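Secondary and tertiary structure notes
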Amino acid sequence: QQIRVLGYCGQVLNSPDGICYISKDKDKGGLGTSELTYHSDMAFTPEPFRAISLHSVDVLDGDSSTRFASGTKAHATLPTALRQTLAGVKVLSAMGIDMGGEQLTTEVPPGMPQFTRPAVILHPITGVPILYVNQQHATQVEGWPRAQGAALLREVFEHLYRPEHLYEHHWFNGDLVIWDNMSLQHGRGQLQGSGARTLQLVVCAPNSFFELCPQLFQDPDYLQWVNSTDPAADRYLIERVVARWSGQPAAN
């Protein structure tokens, strides 16, 4: 039923990353219990996912949540000076090794999936402007000194994640939430110590993760990392993969 409903929103991504489970229980799904900072799925590629849905199939009612930040509302309320500064600015986004942090002070390895686009984009269907910079993927401002670019991005984050731009959905069994992955970012807090949490994911997108990032296809270290119950603690796995892409010595 969830797949059928998402079909009204666009092309359902019929792949393991387009229809799957997100769960604390490694036998039921991926992403474990670690924090996920605000992000837009696949923003580090030329083709971010279009729409995303989560259906709670086994949760402790009200015990965990998913948080949302509106890039459209944040753009509409930009202070004049910041709006003028962002005009023409482009930002490099990269897949994060630590999905619970940010990347403003780290160098992006050459082999890491990454993409540069304007900080403000137009929605591909509605044409509405979106402040399309997120905490998990943004790394640096193109053509700016690193420190100045980081300062600008932190100013953007301070505005983007103001309370009036946010919504937090607390999960109850049977909930179905569908959102526009271009207009809205999402994230979650730490889940350690919380109750059961298994959500079914269905995505609308023309291309899968591995089609957009073919260098990761069937890489055993990547697959072990992304299915880990604690990707942050097992970051050595993705670091080893990135080292291979970059032609650097692999981590032990």
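The structure this text deals with has already been given above.
Residues numbered from 1 in each chain as written. Predicted model: local features only at pLDDT ≥ 70, side-chain atom pairs only at ≥ 80, totals over all residues. Heavy atoms only, no water.

Concerning the overall build of the protein
- Counting secondary structure elements, the protein contains seven helices and 14 strands.
- For the protein, the C-alpha radius of gyration of 18 Å lies close to 18 Å, the compact-globule estimate for 252 residues.
- For the protein, the spread of C-alpha atoms along the principal axes amounts to about 45 × 45 × 35 Å.
- Considering the protein as a whole, with its 252 residues, one finds that 49% of them fall into the buried category.
- In the protein, the proportion of contacts linking residues at least 24 apart, taken out of those at least 6 apart, comes to 80%. (Helix = DSSP H or I, 4+ residues; strand = E, 2+ residues; numbered from the N terminus. Rg over C-alpha atoms; globule rule 2.2 N^0.38 Å. Buried < 20%, exposed > 50% of the residue type's maximum accessible area, 1.4 Å probe, protein only. Contact = heavy atoms within 4.5 Å.)

Digging into the packing of aromatic side chains
- Under the defined criterion, the tally for this structure stands at eight aromatic pairs.
- Relative to Phe209, the ring of Phe44 has its centre 6.5 Å away and its plane inclined at 75 degrees; by these criteria the two rings are edge-to-face. Within this pair, whereas Phe44 is found in the loop between strand S3 (36-39) and strand S4 (51-59), its partner Phe209 is found in helix H5 (residues 209-212), the two being separated by 165 residues in sequence. The pair Phe44 / Phe209 is uniform in exposure class, with both members buried.
- Summarising the aromatic geometry, the rings of Phe210 and Tyr222 are spaced 6.0 Å apart at their centres and angled 85 degrees between planes, so their arrangement reads as edge-to-face. Separated by 12 residues along the polypeptide, Phe210 in helix H5 and Tyr222 in helix H6 (residues 220-226) bring together distant segments of the chain.
- Look at Phe210 and you get partly exposed, because its relative accessible area is 23%.
- Here Tyr222 falls in the buried class, since its relative accessible area comes to 6%. (Phe/Tyr/Trp six-rings, centres within 6.5 Å; stacked < 30°, edge-to-face > 60°.)

Overview of the nonpolar core
- Ranked by size, the top nonpolar core spans 34 residues in total, and within it Met95, Phe209, Tyr222 and Ile238 carry the most contacts.
- Secondary-structure elements contributing two or more residues to this core are S4, strand S6 (90-94), strand S12 (176-180), strand S14 (197-204), H6 and helix H7 (235-246).
- The element that contributes the greatest number of residues to this core is H7, accounting for four residues.
- Those residues in contact with Ile238, other than ones at most four positions away along the chain, are Met95, Ile97, Tyr222 and Trp225.
- By size, the runner-up hydrophobic cluster in this structure holds 21 residues, among which are Ala74, Leu78, Leu82 and Val91. (Core = buried A, V, L, I, M, F, W, Y, C linked by side-chain atoms within 4.5 Å.)

What about the sheet that holds S4?
- Spatially, S2-S1-S14-S4-S12 is the arrangement adopted by the five strands of the open sheet, whose pairing is mixed. Two strands bound the open sheet, and with one partner strand each, they are strand S2 (30-31) and S12.
- Here S4 pairs with S12 via five bridges, running antiparallel. Residue pairing for S12: His55 is matched across the bridge by Leu176. (Pairing = 2+ DSSP bridges.)

What to know about the state of the cysteines
- Applying the stated rule across the entire model yields zero disulfides.
- Cysteine Cys204 is unpaired, with the sulfur of Cys9 as its nearest cysteine sulfur at 5.4 Å.
- Free of any disulfide, Cys213 has its nearest cysteine sulfur in Cys20, 15 Å distant.
- On the basis of relative accessible area, Cys213 is assigned to the buried category, the value being 1%. (Disulfide = S-S within 2.5 Å.)

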